[in-house]
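# Observations on the model geometry
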Amino acid sequence: MALPISEAELERIVRSVLSELTGNGNVKAASGRVVHGQSRTVDEAVDAAAIAFEQLSACSLDDRKRFIEAIRATGLKNKELLAKMSHEETHLGRYEHKIAKNETACKLTPGVEILEPKAFTGDHGLTVHEWAPFGVVVAITPVTNPSSVILNNAICMMAAGNATVVNAHPSAKACSMKTIELINQAVVAAGGPDNVMTGVLDPTIDTGTALMTHRKVDMVVATGGVAVVRAALRSGKRVVAAGPGNPPVVVDETADIPKAARCVFEGASFDNNILCVGEKAVVCTAAAIRPFMDEMRKLAIYELSTSELAALMKQIVLADGNKPRMNGKFVGRNASVLLESIGVRGREDVYLLICQVLQDHQLLFLEQMMPVLPVTTAPNVNAAIDLAIEIEQGFGHSAMMHSRDLAALSRMAKLIDTTLFVKNGSSLAGLGVGGEGYTAFTIGTATGEGMTTARTFVRERRCALVDYFRIV
Ligand code: NAD
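Our subject in this report is the structure included herewith. Since the structure is predicted, the reported quantities are computational estimates derived from the model, not experimental observations. (Residues numbered from 1 in each chain as written. Predicted model: local features only at pLDDT ≥ 70, side-chain atom pairs only at ≥ 80, totals over all residues. Heavy atoms only, no water.)

Let us now look at the sheet that holds strand β2 (residues 118-122). Reading across from one edge, β2-β3-β20 is the order of the 3 strands in this open sheet, with antiparallel pairing throughout. Each edge of the open sheet is held by one strand with a lone partner, namely β2 and β20 (458-466). The mean angle between the axes of side-by-side strands here comes to 15°, regardless of whether they run parallel or antiparallel. Bridge count for β2 against strand β3 (residues 125-133) is 5 bridges, and the pairing is antiparallel. Bridge pairing links Ala 119 to Val 128 in β3. (Pairing = 2+ DSSP bridges. Helix = DSSP H or I, 4+ residues; strand = E, 2+ residues; numbered from the N terminus. Axes fitted to C-alpha atoms, helices over the stretch in contact; angles between N-to-C directions.)

A separate point is the sheet that holds strand β14 (residues 352-356). Here 7 strands make up an open sheet; going across it, the order is β11-β14-β15-β10-β9-β16-β17 and the pairing parallel. Each of the sheet's edge strands pairs with one partner strand only, and the pair in question is β11 (301-303) and β17 (420-423). The mean inter-strand angle of the sheet, taken between neighbouring strand axes irrespective of direction, is 20°. Of the strand pairs in this sheet, strand β9 (residues 248-251) and strand β10 (residues 281-285) are connected by 4 bridges, and their pairing is parallel. Each bridged residue has a counterpart across the sheet, and for Pro 248 the counterpart in β10 is Ala 281.

Take the site of the ligand next. Neighbouring the ligand are 29 residues; Thr 141, Val 143, Gly 225, Glu 367 and Ile 443 lie closest to it. One nitrogen or oxygen atom from the main chain of Gly 224 is found 3.4 Å from an oxygen atom belonging to the ligand. Here a nitrogen atom of the ligand sits 2.8 Å away from a polar atom, N or O, in the main chain of Gly 243. Expressed as a share of its isolated accessible area of 840 Å², the protein-covered part of the ligand is 87%. (Near = heavy atom within 4 Å. Polar contact = N/O pair within 3.5 Å; in protein donor to acceptor, adjacent residues only side chain to side chain. Areas by Shrake-Rupley, 256 points an atom, 1.4 Å probe, with all protein chains shown as cover.)

Moving on, we come to the pairing of β17. Relative to β17, strand β16 (residues 398-402) runs parallel, the two being bridged by 4 bridges. When the sheet's bridge partners are listed, Met 400 is paired in β17 with Val 422. Assessed by its sense of winding, the connection that carries the chain from β16 through helix α15 (residues 406-416) to β17 is right-handed. (Right-handed = clockwise from strand over helix to strand, strands pointing away.)

Further remarks concern helix α4 (residues 79-90). A rise of 1.5 Å per residue sets the reference length of α4, with its 12 residues, at 16 Å; its end C-alpha atoms lie 16 Å apart and thus fit the reference within 8%. Buried-residue contacts for α4 involve α3 (61-77), α5 (95-108), α6 (146-159) and α7 (173-189). Of the residues trailing α4, His 91 is marked for its positive phi of about 60°. (Expected span 1.5 Å × (residues − 1). Contact = heavy atoms within 4.5 Å.)

In the Ramachandran plot, Asp 271 falls in the positive-phi region, its phi being about 50° despite a non-glycine side chain. Mapping Asp 271 onto the fold places it in the loop between α10 (257-269) and β10. What makes Asp 271 buried here is its relative accessible area of 0%. With phi around 55°, Met 369 is a residue other than glycine that occupies positive phi space. (Buried < 20%, exposed > 50% of the residue type's maximum accessible area, 1.4 Å probe, protein only.)

When its volume is computed, the largest pocket comes out at roughly 1,600 Å³. Lining the largest pocket are 50 residues, and of these Gly 224, Gly 225, Val 226, Pro 244 and Glu 367 sit closest to its centre. When residues of the lining of the largest pocket are traced back to their parent elements, those giving at least two are α8 (205-212), α9 (226-233) and β13 (325-326). Take the lining of the largest pocket: its biggest share by element is 5 residues, from α9. Of the residues in the lining of the largest pocket, the class split is 26 nonpolar, 20 polar and 4 charged. (1 Å grid on protein atoms, 1.4 Å probe; cavity = no way out; pocket = protein on both sides within 12 Å on 5 of 7 lines; lining within 4 Å. Points joined across faces, edges and corners; volume = space filled by probe spheres on them. Nonpolar A, V, L, I, M, F, W, Y, C, P; charged D, E, K, R; others polar.)

Residues Met 158, Val 165 and Phe 457 are the most contacted members of the largest nonpolar core, which totals 66 residues. With 9 residues, α6 is the largest single contributor of residues to this core. Non-local contacts of Phe 457, meaning those with residues more than four positions away in its chain, are made with Ala 132, Pro 133, Phe 134, Cys 156, Met 157, Ala 160, Asn 162, Met 219, Val 221, Val 240 and Thr 452. Cys 175, Leu 309, Val 344 and Ala 378 belong to the second largest nonpolar core, which has 46 residues in total. (Core = buried A, V, L, I, M, F, W, Y, C linked by side-chain atoms within 4.5 Å.)

The following block contains the structure:
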């Protein structure tokens, strides 16, 4: 007598047993079969994602909504685990802030609801625009927010109906692959296909390049610095490039200065300033600098003297190549670690180092990704805005301003031309935390998509019915 069990159900049981057998750590790729996205090679990762894409395409919209809810739920359930793994593996940022980033990604990333169809009706009938998936999307992810970018990308890309292959940063591979494993487990438990998101167990720049140019890959999404953006743009595929920034903040004398100081502190100290949107340099007007510094001194900061800053610059900036760059040893480390490097010990209470500098100081122009914030002065608000534009360097990423002068706020918003511009709030408000709107951890700067959502990862398709179905 035949077993009353479908092939799909049998496969699901085999996968679940395999997963149980391999324990709680990352599930290893079974011989030739990819389980929960854990792939040994680029081809394995792409092939498994391509199969998952076909299976996902056969699922209903309600199924997709359920899978996304399952991803949100597993991200929230495991937010501490993933934060701990990310922190222990990368040594960047702060554990408690990584929990907050995982939570934000799970709660504030929009799902399928953002894919509203468009309709046109008239004398010639009805035309609808709908949003179709691309297929297999490659996501190159950064070391700075490994699990939160992957959770955010997973929700957006799955809501759009795609399957995703991740090439994680080599220094964040274990926590990234764990996130992918949890995502697949959740989708499978919700009745969906396995491998909706796959990843290469041992990612390198070479596997990233191979993925970006793979013939079965339909779209490339690169979140990182200048080099990966350039590599993605060379891939010949449809590209979403979320590149670096150097967000300046302007504070003028009309601002609520205590609030401005609190916001600048919050944004620049969050996760040791490794968020791409975080405040990296402050320009105060001459009339605002003293009250601003007085308010900053009430917070958990350490003010560097001129000689301490000079000593710190020798530690944190490397000038051995063509261009000065930040010393990776100090990227994302606590302020107390930076202080120890110049002989100031025992200051674990400090979250941010600040220093007053001249307008041409090197630190203003480097994306430092460390909790050290240069503050400079300009004679008036227009000069402050002009300097902030120079500091931003045309990355088109993020900028902030604290002012009650509507004309000045409007001037800066227009001229700096960044993807995110936050007025009278911290940079986190631009991500929907303490400000309105949804979140994104991949902000399309170089290619212009802005805060990415499922809408970013779809193709527009039009269907026209001629002469009928205008019902009024
Ligand atoms: P990174 O550029 O060193 O690495 C990012 C990813 O790109 C990694 O997976 C890395 O392995 C890969 N990579 C790097 N060079 C590559 C190349 N030539 N070919 C193929 N792959 C390559 O950046 P990071 O240190 O991981 O992250 C920090 C940077 O990312 C900062 O500059 C930050 O501003 C930026 N970032 C931007 C956004 C955004 O949404 N715009 C979000 C997060 C981080």
